[in-house]
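Reading the structure
The residues making up each chain are set out below.
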Amino acid sequence: MFICALLSALVLHQSVIATHRGIQETAPSRILTVERLLGPEFAETGFAPSGDWLPDSHGMVSVEGNSDIVTLDAMTGKRRIVVNGARFVPADQTDRLAIERFWFTSDMHKVLIFTHSVKVWRQNTKGDYWVLDIESGKLQKLGPKANPSSLMFAKFSPDGSKAGFVFDNNLYVQDLKTEHVEQMTTDTSPTAINGTFDWVYEEELDLRDGWRWSPDSKKIAFWHLETRMEPLYSLINDTDTQYPVVTKYPYPKTGEANPTVRLGVIDLNQGQIRWVDDRADTQSGYFARMDWASNSSEILYEKLNRKQNTNEYKLADVESGVARVIYTDIDKAWVDILDTAPNGVRWVEEGNRFLVFSERGGWRHVYSVKRDGSGVMDLTPGNFDVKDLLGLDSNKGAIYFTASPNSSVQTYLFVSNMDNPHPTTVTPDSEVGSNEYRISPDGKIAIHTISQFGVPPTRNLVKLPSYEVVRTFGDNSPLKAKLKRLHLGVGKLMRLVTADGQKMDASVIYPPNFDSKKRYPLFFEVYGEPAGTTVHDSWEGFDYLFRQLIAQRGYIVASVDNRGTPTLMGRDWRKSVYKKIGIVASSDQAAATKQLSALPYVDRSRVGIWGWSGGGTMTLNMLFRYPELYSLGMSVAPVPDASLYDTIYQERYMGTPQSDPTAYRNCSPITFAKNLKGSLLIVHGSGDDNVHFQGTERLIDELVENNKPFQLMVYPNRTHAINEGIGTSRHLYELLLRYLLNNLRPGPNLLVGLESHSLAHK
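Nothing here was measured: the structure is a model prediction, and the numbers come from that model.

Looking at the pattern of salt bridges
Opposite charge on two side chains allows them to pair when their charged atoms are near. Tallied over the full model, the rule gives 43 salt bridges. Residue Arg306 pairs with Glu651 through a salt bridge whose shortest N-O separation is 2.8 Å. In this pair, Arg306 is assigned in the loop between strand S21 (298-304) and strand S22 (310-317) and Glu651 in helix H9 (residues 647-654), connecting sequence segments 345 residues apart. Both residues of the pair, Arg306 and Glu651, count as buried. Taken together, the shared-partner salt bridges connect Asp331, Asp336, Glu359, Asp385, Arg571, Asp572, Arg574 and Lys575 into one network.

What to know about the packing of aromatic side chains
Under the defined criterion, the tally for this structure stands at 39 aromatic pairs. With a centroid separation of 5.5 Å and an interplanar angle of 80°, the aromatic rings of Phe453 and Tyr544 are classed as edge-to-face. Note that Phe453 is positioned in the loop between strand S33 (445-452) and strand S34 (455-463) and Tyr544 in helix H5 (residues 542-552), a separation of 91 residues in sequence. Its relative accessible area of 13% is what places Phe453 among the buried residues. A centroid spacing of 5.1 Å and a plane angle of 35° characterise the contact between Phe514 and Tyr520, whose relative ring orientation is tilted.

Observations concerning the sheet that holds strand S43 (residues 711-715)
Reading across from one edge, S36-S37-S39-S38-S40-S41-S42-S43 is the order of the 8 strands in this open sheet, with mixed pairing throughout. The open sheet has two edge strands, strand S36 (491-497) and S43, and neither has a second partner. When the angles between neighbouring strand axes are averaged without regard to direction, this sheet yields 20°. Those strands touched by H5 are strand S37 (503-509), strand S38 (520-525), strand S39 (556-561) and strand S40 (602-612), and its axis lies near 60° from that of S37. Packed on one face of the sheet, helix H11 (residues 693-705) meets strand S42 (679-685) and S43 and runs near 150° to S42.

Topic: the sheet that holds strand S28 (residues 386-393)
Ordered in space as S28-S29-S30-S31, the 4 strands form an open sheet in which the pairing is antiparallel. Sheet topology places S28 and strand S31 (424-425) at the edges, where each strand pairs with a single neighbour. Pairing of strand S30 (residues 412-417) with S31, which is carried by 2 bridges, proceeds in the antiparallel orientation. Across the sheet, the residue bridging to Phe414 is Thr425, located in S31.

Comments concerning unusual backbone geometry
Glycine aside, a negative phi is what most residues show, and trans is what most peptide bonds show. Put simply, Leu464 and Pro465 share a cis peptide bond, and its omega is 0°. Checked against the element boundaries, Pro465 lands in the loop between S34 and strand S35 (469-474). The backbone of His116 sits at a positive phi, close to 55°, despite the residue not being glycine. Along the polypeptide, His116 turns up in strand S6 (residues 110-120). For Phe153, which is not glycine, the phi dihedral falls at a positive 55°. Looking at the secondary structure, you find Phe153 in strand S9 (residues 151-156). Classification of Phe153 by relative accessible area gives buried; the value is 12%.

Some words on the pairing of S28
On a regular strand, each side chain points to the face opposite its neighbour's, so the side chains alternate between the two faces of the sheet. Sheet topology note: the S28/strand S29 (residues 398-403) ladder contains 6 bridges and is antiparallel. Bridged to Asp388 within S29 is Thr402. What sits between the antiparallel neighbours S28 and S29 is a turn of 4 residues, in which Gly397 has the positive phi angle 65°.

Parameters at a glance
- Residues numbered from 1 in each chain as written.
- Predicted model: local features only at pLDDT ≥ 70, side-chain atom pairs only at ≥ 80, totals over all residues.
- Heavy atoms only, no water.
- Salt bridge = Lys/Arg side-chain N within 4 Å of Asp/Glu carboxyl O.
- Helix = DSSP H or I, 4+ residues; strand = E, 2+ residues; numbered from the N terminus.
- Buried < 20%, exposed > 50% of the residue type's maximum accessible area, 1.4 Å probe, protein only.
- Phe/Tyr/Trp six-rings, centres within 6.5 Å; stacked < 30°, edge-to-face > 60°.
- Pairing = 2+ DSSP bridges.
- Axes fitted to C-alpha atoms, helices over the stretch in contact; angles between N-to-C directions.
- Contact = heavy atoms within 4.5 Å.

The values are spatial; any link to function lies outside them.
Below is the structure:
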């Protein structure tokens, strides 16, 4: 009897696959493919300003056609070419320079452009810099005679007479009139870094540009790093040459030595460096932010201790080097470094106060602090989290920020007064979803972008605070029309609960032609770590469409944000995972899986999960800690052993492995690998400088020792993004889709009375 039923089921299984193939054959334009998603077909359309606001105006400046610099009057839509791209042709060349980024002097008489960039770790931060004198037409290249694409972080001095830059880990200044180049730091050691950062500071503190002009153009403040004590990690390139090439770079894993960091100030007139009487090192922590303190005689910097639970704001006199603490932010778990301005804090009231983020009251709010550290005031009171501080209306003493008191997956604009804080909503009630804003320097107008889950954005120009719509930039009508022609499943947002009753955000996409009287496989996309969320009431482009692609194959596709993710649900929600990374999150994901699996139209024997990076780690956690819940997992670039990741990220949430080895052991998926029951695919890039392939190799040993079957795909020399090389992204996503289809049967159960678990893994 069982054999007959099984044979019938297998015939029907083939019928399901044939049905999906038939859909693709008869209506290919309605069915998504990886190739289509990776192409330009579903790109956003319509004009919307993409440049920067001009100071003290309602004009914006941007690049068109890679070389023309244009301004746009946001109110009228009038466009004007400021610099024709034909002027960016060097004397010994015939082609225009392609502009990747650009900056004007304050009087807009000169423009600095960045071109021919190359990647340094995650971002393209090395390249060539050229300066054009707009009036005379003189075009000069910055820097000494050096290899192409070798300069970093060039900037005009505030008075426009000079430009500074980093070359070969030293700082230089070039006089734009005489073209004389002067080297300001002279370190020749390969372990000394000036004006930029090592790998761990860049990756985990988001620091790349490590120097600042003083407002009077007479000084430069900068970070100096000594990486000699940091352990070196080796990446091996086996494919590009006949013999392997080994690249070594400083990478401090948990508990290891960090770089020693100092802050220096260069006096350009005297050519000497004065050092701040403080340092950050393995024992004392990190210099997380630094900038001039709204004058040219002091700098304000943030010193974060190694445990990352105390952040001191210190004001340093640049002549004496003496620094003093003026404000401290403390948390029992960890302090998040959140900026109110590009380089740290935002100064207001002519430098008498500055604005900071803090969770000291249980919610993430904006506070103002007097220059001497007194008078700490909450500018955004209420039981909600502030997402971003967006702008100021200095004449009215108002601050604009986004928050979402009633829905953690949406965002709305609020305004509050700095002297009498009382937040009020600016976004109209009709604008439901995620509302984003780019506010003009004077706080009078803003470009408003609104989108919802599965709905591409619409952009308008609005007046503030009245919200009068001045003009519409575009509503992505062509993209929306394309989506309507697709055979898409219904998607919705919902709330699930943790085992102890706390609410969690979730999204679900049902297969097209969903029939609630049938039973479908359930497939999760997960991240689950403190660095990101996956559930939003907003347009998510590729991520949303890839979930729809999977739903089209016959899966219910879900995603859940567990505790510990940076959801706008308060400090306690986010920091409840301290020293329990991977434990609380796994419990929450399991609770969500049980709730969705209990629905009558879900086949509990066909539940899968996948994720990348932290999501790859969570995928392993779910398969190893809750093997009874999942039939399949696809783990991309995971961290199986938490002790192998870097100091700043992992210690922030776990302490060091020396201080708490039990916590590290319990939070690491590899500890529970012996419990694996379902199908497992592991994907990693051998050239991953971030999450090393080393961790996956250790996991392989553990799985082999416990005789656990799995499949492995290694992409040679690819980084954490696994997108280098022709065809890599398509190959990866089609690999994931193929593995899913082959190992977690798609489509509804068509047999009445046959338990679907009898078909699992047959």
